Amino acid sequence: MNEIFKALNDATRREILELLKEKDLSAGEIADAFNISKPSISHHLDILKRADLITSEKNGQFIIYSINTTIMEDVLQWILTFKK
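Residues numbered from 1 in each chain as written. Predicted model: local features only at pLDDT ≥ 70, side-chain atom pairs only at ≥ 80, totals over all residues. Heavy atoms only, no water.

The name an unreviewed UniProt entry gives the protein is ArsR family transcriptional regulator, with Flavobacterium hungaricum as the organism.

So, in structure tokens, the structure goes:
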């Protein structure tokens with residue numbers, strides 16, 4: 001769970017999740033939405049993958065990223081346990 005909160009603690013990573021909420025994207029498509037270097041985007045994608053918030057699938061020469069809704073649902077359920 002700590003990896004998830006570490007990943008969600010960064011605004012860029014949250015923005016990446018917002019993009020992936022709309023549709024699956026390649027790293028290049030994700031990078032095009034930001035004004036930062038591609039290696040920085042790769043670093044953010046790696047952190048999101050390690051937290052299991054996104055998944056990746058090779059499609060030809062591209063890697064397509066998608067949001068892992070199962071983990072997001074698990075986090076939401078855990079947070080809701082604190083609601084009285």
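Caption draft 1: Inspection of a nonpolar patch on the surface at higher detail. A contiguous nonpolar patch, built from Met 1, Phe 5, Trp 78, Ile 79 and Phe 82 and spanning about 500 Å² of accessible area, is present on the exposed surface. Tracing the backbone shows Trp 78 in helix α5 (residues 69–80). (Patch = residues over 30% accessible without salt bridge, like charges linked within 9 Å, V, L, I, M, F, W, Y side chains within 5 Å. Areas by Shrake-Rupley, 256 points an atom, 1.4 Å probe, with all protein chains shown as cover. Salt bridge = Lys/Arg side-chain N within 4 Å of Asp/Glu carboxyl O. Helix = DSSP H or I, 4+ residues; strand = E, 2+ residues; numbered from the N terminus.)

Caption draft 2: Here's a closer look at the pattern of salt bridges. Evaluated as defined, the whole model comprises 2 salt bridges. Linking Lys 21 and Glu 18 is a salt bridge whose minimum nitrogen-to-oxygen distance equals 3.1 Å. Here Glu 18 and Lys 21 lie together in helix α2 (residues 11–22), a separation of 3 residues that amounts to about one turn.

Caption draft 3: Region of interest: the UniProt feature "domain: HTH arsR-type" (unreviewed entry) in the protein. UniProt tags residues 1–84 as "domain: HTH arsR-type" (unreviewed entry). End C-alpha to end C-alpha, residues 1–84 measures 22 Å, and it is 60% helix and 17% strand. (UniProt positions renumbered as here; feature names shortened; annotations may be inferred.)

Caption draft 4: Quick look at the packing of α2 against helix α4 (residues 38–50). Between α2 and α4, whose axes approach to 10 Å, the crossing angle comes to 75 degrees. Taken as axis vectors, α2 and α4 run roughly perpendicular relative to one another. Contacts between α2 and α4 involve Thr 12, Arg 13, Ile 16 and Leu 17 on the former and, on the latter, His 44, Leu 45, Ile 47 and Leu 48. Partitioned by chemical class, the residues of the contact of α2 with α4 number 5 nonpolar, 2 polar and 1 charged. (Axes fitted to C-alpha atoms, helices over the stretch in contact; angles between N-to-C directions. Parallel < 35°, antiparallel > 145°, perpendicular 65-115°, else oblique. Contact = heavy atoms within 4.5 Å. Nonpolar A, V, L, I, M, F, W, Y, C, P; charged D, E, K, R; others polar.)

Caption draft 5: Structural context of the environment of Gly 60. Within the element layout of this structure, Gly 60 appears in the loop between β2 (54–59) and β3 (62–67). Residue classification places Gly 60 among the exposed residues on the basis of a relative accessible area of 58%. Between the C-alpha atoms of Gly 60 and Ala 33, which are 27 residues apart in sequence, the distance is 22 Å. (Buried < 20%, exposed > 50% of the residue type's maximum accessible area, 1.4 Å probe, protein only.)

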